[in-house]
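The lines below spell out each chain.
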Amino acid sequence: MAGFRAGSPDQESFLDELLGHGLLIASGVPGLFGHGERFDAVLTAVDRLIARTTAVDQAERLRFPPVLARHDLETNNFLASFPHLAGTIFSFDGADADAIELAGRARRHEDWSEFQGITDLVLAPAACYPAYPAIAARGPLPPSGVTLDLGAGWVFRHEPSGDPARLQSFRMWEMVRMAKPDTVTRWRDEWRDRAVAVLRSVGLDAGVDVATDPFFGRAGRMLAANQRQQELKFEVLVQIAGPEPTAVASFNYHQEHFSGAYGIQMASGETAHTACIGFGMERVTLALLRTHGLDTGQWPDAVCDHLWP
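Summary of the structure given here. (Residues numbered from 1 in each chain as written. Predicted model: local features only at pLDDT ≥ 70, side-chain atom pairs only at ≥ 80, totals over all residues. Heavy atoms only, no water.)

## A short note on the overall build of the chain
Step number 1: The number of helices and strands found in the chain is eleven helices and twelve strands.
Step number 2: Computed over its C-alpha atoms, the radius of gyration of the chain comes to 21 Å, within 12% of the 19 Å expected for a compact globule of 309 residues.
Step number 3: Along the longest, intermediate and shortest principal axes, the C-alpha atoms of the chain span 60 × 55 × 35 Å.
Step number 4: When the 309 residues of the chain are sorted by exposure, 47% land in the buried category.
Step number 5: Approximately 15,000 Å² of the chain is accessible, and the part contributed by carbon and sulfur atoms is 52%. (Helix = DSSP H or I, 4+ residues; strand = E, 2+ residues; numbered from the N terminus. Rg over C-alpha atoms; globule rule 2.2 N^0.38 Å. Buried < 20%, exposed > 50% of the residue type's maximum accessible area, 1.4 Å probe, protein only. Areas by Shrake-Rupley, 256 points an atom, 1.4 Å probe, with all protein chains shown as cover.)

Now the structure itself:
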């Protein structure tokens with residue numbers, strides 16, 4: 001498979017355990033899994049833990065579908081930096097004879113893509129993306145800016161892998177802050193520390209490091225170097241199945257990237273700055289299972305008290 005990233009022996013072994021115990025359900029496609037009842041019980045507990053933690057912000061609650069207007073993916077320049085991760089939606093646009101030919105090829109598992117045309121929709125690569133045009137449409141921000149709770153949204157990134165923690169379809173609990181630069185950076189840094197504390201409260205050995213996004217190509221390497229130099233992105237890392245720790249949460253300062261693209265301004269007329277935080281729901285769940293074992297009945301009482309108060 002093009003772009004497939006093989007898993008390490010430990011990752012493959014852990015995936016076999018998860019599948020063998022019914023925690024994950026194979027789909028036949030790398031990085032795409034169903035969730036068994038016990039996996040879903042832990043993920044639901046993680047969802048509620050993060051909801052309790054984020055409640056302190058008293059943020060405005062918004063929810064969006066897992067698909068995004070293609071126009072917005074083009075507007076925010078995602079395709080210039082991450083064309084390899086994008087998932088576009090195509091649909092049949094032919095005549096009756098084309099439909100018959102398509103169905104025949106599909107039954108034989110042959111290529112039927114020529115009968116498909118691009119639609120106005122793409123799969124959302126981040127849960128926060130629909131928020132920027134939605135807030136821009138309201139007009140100037142209030143003096144204090146806005147804080148958004150976007151919940152655990154489904155996102156898609158085309159990264160087929162043998163690592164059970166690197167999924168193609170997964171959920172990210174995201175929040176967004178839009179305000180003046182110092183307000184936004186202070187909020188991001190406070191949340192970076194808060195995230196470490198909440199993950200450690202459930203027994204995860206969480207640490208923070210400066211990080212970069214997976215930009216594409218030669219120009220992408222320059223963008224990544226600039227991102228690291230300015231410390232625009234931090235990640236919370238936890239050891240799951242190695243060989244390196246896995247990012248289970250991220251904290252991104254966008255500066256004027258999204259606000260400039262959509263015209264998000266403060267009431268004073270200056271361009272707002274934005275930042276987002278995101279918790280990988282499946283990754284936190286996998287980290288808990290790897291750390292405490294696949295039988296939640298044997299987990300430490302202190303961990304269970306935090307997850308199931």
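## Regarding unusual backbone geometry
Step number 1: Pro243 follows Gly242 through a cis peptide bond whose omega is 0°.
Step number 2: Of note, Pro243 is situated in the loop between strand S10 (233-238) and strand S11 (246-255).
Step number 3: Even without being glycine, Gln58 reaches a positive phi, approximately 50°.
Step number 4: Mapped onto the secondary structure, Gln58 falls in the loop between helix H2 (37-54) and strand S3 (60-61).
Step number 5: Positive phi values are uncommon outside glycine, yet Gln255 reaches one of about 55°.

## Details of the packing of H2 against helix H7 (residues 181-200)
Step number 1: Packing of H2 against H7 brings their axes to within 11 Å, and their N-to-C directions diverge by 140°. Here H2 lies oblique to H7, going by the angle between them. The two elements H2 and H7 cross, and the hand of that crossing is right-handed. Residues Leu49, Thr53 and Thr54 of H2 form the contact with H7, whose own contacting residues are Trp191, Arg194 and Val198.
Step number 2: Grouping the amino acids of the contact of H2 with H7 by side-chain chemistry returns three nonpolar, two polar and one charged. (Axes fitted to C-alpha atoms, helices over the stretch in contact; angles between N-to-C directions. Parallel < 35°, antiparallel > 145°, perpendicular 65-115°, else oblique. Left-handed = near helix turned anticlockwise from the far one by under 90°. Contact = heavy atoms within 4.5 Å. Nonpolar A, V, L, I, M, F, W, Y, C, P; charged D, E, K, R; others polar.)

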